[in-house]
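# Coordinate inspection notes
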Amino acid sequence: MASNVQFKTNYAVSRKIEPFYKGGKIQISKDGKNMFCMCGMKLNVLEIATGAVVHSVEQDDQEDISSFALSPDDEILITASRALLLKQWEWREGTCTRTWKAIHTAPVASITFDPTSTLLATGGCDSTIKIWDVIKQYCTHNLKGSSGVVHVVEFHPDISRLQLFSSSMDYKIRIWNLKSSKCISVLESHYSAVTSLSFSADGNTLISSGRDKICTVWDLKTETSKRTIPVYESVEAVVVLPDSTDSPGAERKGLHFITAGSKGILRIWEAATGRCVYTQTVQHTQETEDEADIHSLVFCTLVPTQQMIATVNVEHNIILYDLQNLQPRKQFAGYNDEVLDVKFLGPSDSHIVVATNSSQLKVFELSTSNCQILYGHTDTVLALDVFKKGLMFSSCGKDRSVRVWRMDKTTGEVQCVAQGSGHTHGVGAMSCSRMKESFVVTGSQDCTLKIWRLPESLTSKVKEVLLSAPEILQASVTEKGHDKDINSITVSPNDKLVATGSQDKSAKLWSSADCSLQGTFRGHKRGIWCVQFSPVDQVLATSSADGTLKLWGLHDFSCLKTFEGHDASVLKVVFVSRGTQLLTSGSDGLLKLWTIKTNECVKTLDAHEDKVWGLHCNKADDTLATGSTDSCIILWKDVTEAELAEEQAKEEEQIVKQQELSNLLHEKNFVKALGLAISLDHPYTVLTVIKAILQEPTGEKKLEEVILKLRQDQKESVLKYCTTWNTNSRNCLEAQAVVKVLLTHESPEALLQYSGIKAAVESLLPYTERHLQRLGRLLQASMFVDFMWKNMRLGEVPEQSENGVDSQAVSLQAVENKD
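On to the overall build of the protein. The number of helices and strands found in the protein is 12 helices and 57 strands. Compactness check: the protein gives a C-alpha radius of gyration of 40 Å against a globular reference of 28 Å for 819 residues, more than 25% above the reference. Overall, the C-alpha framework of the protein stretches about 160 × 85 × 45 Å when taken along its three principal axes. Per-residue burial over the protein gives 52% buried out of 819 residues. The long-range share in the protein, meaning contacts at least 24 apart out of those at least 6 apart in sequence, stands at 46%. Both charge centroids of the protein, one from 86 positive and one from 100 negative side chains, sit 3 Å from each other.

So this is what it looks like as structure tokens:
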């Protein structure tokens with residue numbers, strides 16, 4: 001079977017789930033399609049339907065954005081940075097259209113537009129407020145008189161009144177008349193910071209909220225307090241409900257408003273009587289003040305066009321509620337902190353469940369980025385594992401407990417169906433049974449492993465389980481496994497064996513029935529971070545902090561192979577390609593793909609910036625999920641077949657073009673032949689065409705005609721090839737012929753427009769000088785031979801007499817006889 005397996009060669013990043021919101025205000029566009037969120041130096045624009053960041057504007061001054069505002073018509077986006085600059089953006093293109101100094105002497109804390117999208121108010125940490133005309137681009141007002149940071153600024157909804165409301169650190173609400181630039185009234189009621197202001201539809205009533213646990217209803221006609229309503233929680237936001245809204249607490253008349261605060265729930269209040277007419281019901285319970293803190297709401301805003309209200313809690317989770325029933329429509333996790341584990345979830349791997357550096361679990365629906373927040377653990381969740389069918393999974397954490405969760409197949413809702421405790425230290429490793437949903441194995445810092453048998457009711461009576469309280473699990477077997485922390489646990493594919501890896505540098509094999517020790521694997525020089533059974537062979541893989549990966553035989557516990565290549569701790573290992581390949585992740589953020597048969601690392605993937613703790617493959621073995629302490633979750637797609645198909649297509653295309661090139665050369669259609677050779681980006685093929693042209697009877701003239709018919713980009717390519725040919729004396733003639741044509745017919749100005757002309761000239765000059773010197777020496781040598789040939793005399797040619805006797809020889813003989 002293994003011989004027919006297609007080895008994987010590469011993975012490509014198909015999607016990143018990374019932080020898009022790190023605190024501060026959010027704003028939703030008027031049409032309800034986009035959400036604007038601050039994230040350090042960036043302002044991200046999130047498409048609510050898909051959960052994807054579709055636009056992003058980034059400060060180029062390396063300073064964080066302190067506040068921002070989107071105009072009511074969704075056209076103008078203004079950001080303020082800690083560099084005391086205001087920037088106006090064309091946010092759909094991500095381009096900055098204007099930058100100007102804020103004039104404030106300290107960062108801007110709050111920004112708001114007036115209803116006409118013409119005036120912009122900025123409240124600074126320097127106790128001043130500036131009003132800007134965005135259209136005419138100048139500062140219209142400088143309002144002084146506030147005390148401390150001006151953290152709330154709001155225009156009166158009736159622009160004809162030309163009034164601005166503000167609040168600062170003295171807990172007072174000031175009303176400014178923009179005609180006279182003076183404070184015309186001060187509203188005093190709160191004894192702590194005023195957090196938000198909200199106006200009634202007719203503009204005659206103002207409701208303010210504060211951290212002093214009260215809301216105040218103000219009559220703006222008389223500028224006096226009509227009622228002070230105790231809400232018994234620190235209120236971070238108040239929103240007046242539109243008159244036409246059908247919301248809980250039906251048959252309401254008069255002014256109603258919603259509060260959001262430290263209790264983490266939304267409540268509807270009647271302004272006239274101060275009575276709470278509706279309290280939102282939530283899944284989580286708040287047993288302690290500390291537990292209540294993680295649910296606290298820090299921001300709330302209304303989206304009237306979508307009949308929706310958006311809230312933000314302290315964990316940077318954004319929840320969109322239906323205004324009619326205050327039931328959640330959608331949730332987004334703005335910031336994930338460190339990702340400690342990630343697993344695919346659902347029958348078709350449609351979700352992922354993520355353990356972050358938090359007591360909450362997050363379940364992401366991959367198609368929409370909708371995020372469920374699962375409450376239950378009271379301390380950081382350290383490990384996860386999913387049962388084979390994909391509907392149930394288990395989690396464990398520092399709270400020394402283990403929990404089993406089930407997903408509703410139709411709604412996707414996840415609930416805790418069982419929980420157990422018994423470890424004396426944090427539980428850092430766990431594994432679920434592979435064949436049936438029958439047991440869970442956990443390993444802890446207390447050096448013990450426990451087997452938890454799951455009752456049949458969890459699988460047979462699904463509906464009753466979801467409606468009732470979680471069942472209590474008891475450990476059926478407990479065994480002291482190692483001398484140090486147990487870092488990893490895995491169950492064999494047939495559920496009969498359990499393997500553990502520990503900080504004591506050893507791995508052990510156990511029977512799942514009674515936790516009896518079957519054998520010990522020793523050989524690593526440092527602690528073992530991960531153990532994993534092969535899905536097809538009786539082999540165990542272990543990865544260690546010593547940077548190596550080892551394969552062990554289960555029969556004799558011997559080391560079969562050692563893989564070296566990581567320069568840091570190897571944190572996770574999984575089998576892929578039906579057990580013929582391995583994927584590993586390291587503390588340096590690198591992933592490596594190994595082929596077991598050859599011991600070869602075939603690919604290194606680099607996309608994370610820190611330790612990769614989470615590594616999991618889906619059932620189809622074509623997608624990979626990784627989670628890292630850099631707060632990023634990355635989904636990788638197996639692109640082996642795609643790359644192979646692309647390579648084959650390229651080869652076929654090359655063959656077709658090569659045949660076409662041969663035909664063009666045979667037909668002596670040199671212009672098309674040269675253009676085709678350049679498009680193939682084969683310098684040798686281009687050289688072959690040029691040589692064929694020069695072999696013609698009028699080669700140089702023909703080459704000149706062909707070169708001049710090329711486009712500029714083709715000429716640039718040929719010039720680049722010439723720099724390479726010119727380095728070899730065999731091909732320098734063709735290179736010089738092409739350069740001669742270009743220098744003869746192209747003006748210096750035109751040549752300077754060529755891309756890479758500087759590098760080409762710098763490369764051509766030294767070799768051209770060398771060729772010139774060589775030709776000069778050759779010319780000198782040839783002239784010397786010619787000179788010698790013409791001037792070297794071996795004697796005159798002897799004259800022949802009529803009778804064929806050599807006359808010179810006769811003369812010499814006569815002289816000798818005379819002597």
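After that view of the structure, there is still more to cover.
Considering the arrangement of structural elements, one finds Thr580 in the loop between strand S51 (570-576) and strand S52 (581-586). With relative accessibility at 11%, the residue Thr580 sits in the buried group. In the structure, Thr580 is positioned 393 residues away from Leu187 in sequence and 74 Å away in space, judged by C-alpha atoms.

Attention now goes to the pairing of strand S9 (residues 95-101). As defined by bridge partners, strand S8 (residues 85-90) adjoins S9 across 6 bridges and the pair is classed as antiparallel. Its bridge partner being in S9, Glu90 is matched across the sheet by Thr95. Linking S8 to S9, which pair antiparallel, is a turn of 4 residues; within it Gly94 sits at a positive phi near 75°.

Right, let's get into the pattern of salt bridges. It is possible for side chains of opposite charge to pair when their charged atoms get near one another. All told, the structure shown has 19 salt bridges when counted by the stated rule. For Glu236, the salt bridge goes to Arg211, with nearest N and O atoms at 2.8 Å. Residue Glu236 is found in strand S22 (residues 235-240), and its partner Arg211 is found in the loop between strand S19 (205-210) and strand S20 (214-219); the two are separated by 25 residues along the sequence. Residues Glu233 and Arg267 are paired through a salt bridge, measuring 3.2 Å at the closest nitrogen-oxygen approach. Taken together, the positions of Glu233 in the loop between strand S21 (224-230) and S22 and Arg267 in strand S24 (residues 266-270) put the pair 34 residues apart, joining distant regions of the chain. Across this residue pair, the class does not change: Glu233 and Arg267 are buried. Three or more residues joined by partner-sharing salt bridges are found here, namely Lys8, Asp621 and Asp638.

With 35 residues, helix H11 (residues 757-791) ought to run about 51 Å at 1.5 Å a step, and its terminal C-alpha atoms sit 49 Å apart, in line with that. The set of residues buried in H11 consists of Ile757, Ala760, Leu764 and His771. Considering only its buried residues, H11 is in contact with helix H8 (712-725), helix H9 (732-745) and helix H10 (748-752).

Turning to the side chain of Thr380, a few remarks are in order. Checked against the element boundaries, Thr380 lands in the loop between strand S33 (371-374) and strand S34 (381-386). On the accessibility criterion, Thr380 (10% relative accessible area) is buried. Excluding anything up to four places from it in sequence, Thr380 contacts Leu340, Thr356, Asn357, Ser358, Ser359, Gly397 and Lys398.

Bringing helix H4 (residues 640-666) into the picture now. The terminal C-alpha atoms of H4, which comprises 27 residues, lie 39 Å apart, in line with the 39 Å expected from a rise of 1.5 Å per residue. When we look at burial in H4, the residues that qualify are Thr640, Lys657, Leu661 and Leu664. Looking at the buried residues of H4, the elements they touch are strand S57 (633-638), helix H5 (670-680) and helix H6 (683-694). Following H4 by one or two positions, Lys668 has its phi on the positive side, about 60°.

Another aspect to go through is the packing of aromatic side chains. The relation between two aromatic rings is expressed through the spacing of the ring centres and the mutual angle of the planes. Scanning the entire structure with this criterion turns up 9 aromatic pairs. For the pair Phe393 and Trp405, a centre-to-centre distance of 6.2 Å together with 10° between the ring planes defines the contact as stacked. Linking Phe393 in strand S35 (residues 392-397) with Trp405 in strand S36 (residues 401-407), this pair joins segments that are 12 residues apart in sequence. Judged by relative accessible area, Phe393 falls into the buried class, the value being 0%. We note Arg98 situated over the ring of Trp100; from NZ or CZ to the ring centre the distance is 3.7 Å. For Arg453, the ring lying beneath its charged end belongs to Phe439, and the centroid distance is 5.3 Å.

Let us look at the nonpolar core. The biggest cluster of nonpolar side chains holds 33 residues, and the ones touching the most others in it are Leu674, Val686, Ile707, Leu719, Trp725 and Val738. At the level of secondary structure, the elements contributing two or more residues to this core comprise H4, H5, H6, helix H7 (699-708), H8, H9 and H11. Not counting the four nearest positions on each side in its chain, Val686 is found in contact with Leu674, Ala677, Ile678, Tyr721 and Trp725.

The geometry of H4 relative to H5 is characterised by a closest axis approach of 9 Å and an angle of 155° between their N-to-C directions. Relative to H5, the element H4 lies roughly antiparallel. In this structure, the crossing between H4 and H5 has a hand that is left-handed. On the side of H4, the interface is formed by Gln654, Lys657, Gln658, Glu660, Leu661, Leu664 and Leu665, while H5 contributes Phe670, Lys672, Ala673, Leu676, Ala677, Ser679 and Leu680. Among the residues forming the contact of H4 with H5, the class breakdown is 8 nonpolar, 3 polar and 3 charged.

Quick notes on the rules
Residues numbered from 1 in each chain as written. Predicted model: local features only at pLDDT ≥ 70, side-chain atom pairs only at ≥ 80, totals over all residues. Heavy atoms only, no water. Helix = DSSP H or I, 4+ residues; strand = E, 2+ residues; numbered from the N terminus. Rg over C-alpha atoms; globule rule 2.2 N^0.38 Å. Buried < 20%, exposed > 50% of the residue type's maximum accessible area, 1.4 Å probe, protein only. Contact = heavy atoms within 4.5 Å. Lys, Arg positive; Asp, Glu negative; His and termini not counted. Charge placed at Lys NZ, Arg CZ, Asp CG, Glu CD. Pairing = 2+ DSSP bridges. Salt bridge = Lys/Arg side-chain N within 4 Å of Asp/Glu carboxyl O. Expected span 1.5 Å × (residues − 1). Phe/Tyr/Trp six-rings, centres within 6.5 Å; stacked < 30°, edge-to-face > 60°. Lys NZ or Arg CZ within 6 Å of the ring centre and 35° of its normal. Core = buried A, V, L, I, M, F, W, Y, C linked by side-chain atoms within 4.5 Å. Axes fitted to C-alpha atoms, helices over the stretch in contact; angles between N-to-C directions. Parallel < 35°, antiparallel > 145°, perpendicular 65-115°, else oblique. Left-handed = near helix turned anticlockwise from the far one by under 90°. Nonpolar A, V, L, I, M, F, W, Y, C, P; charged D, E, K, R; others polar.

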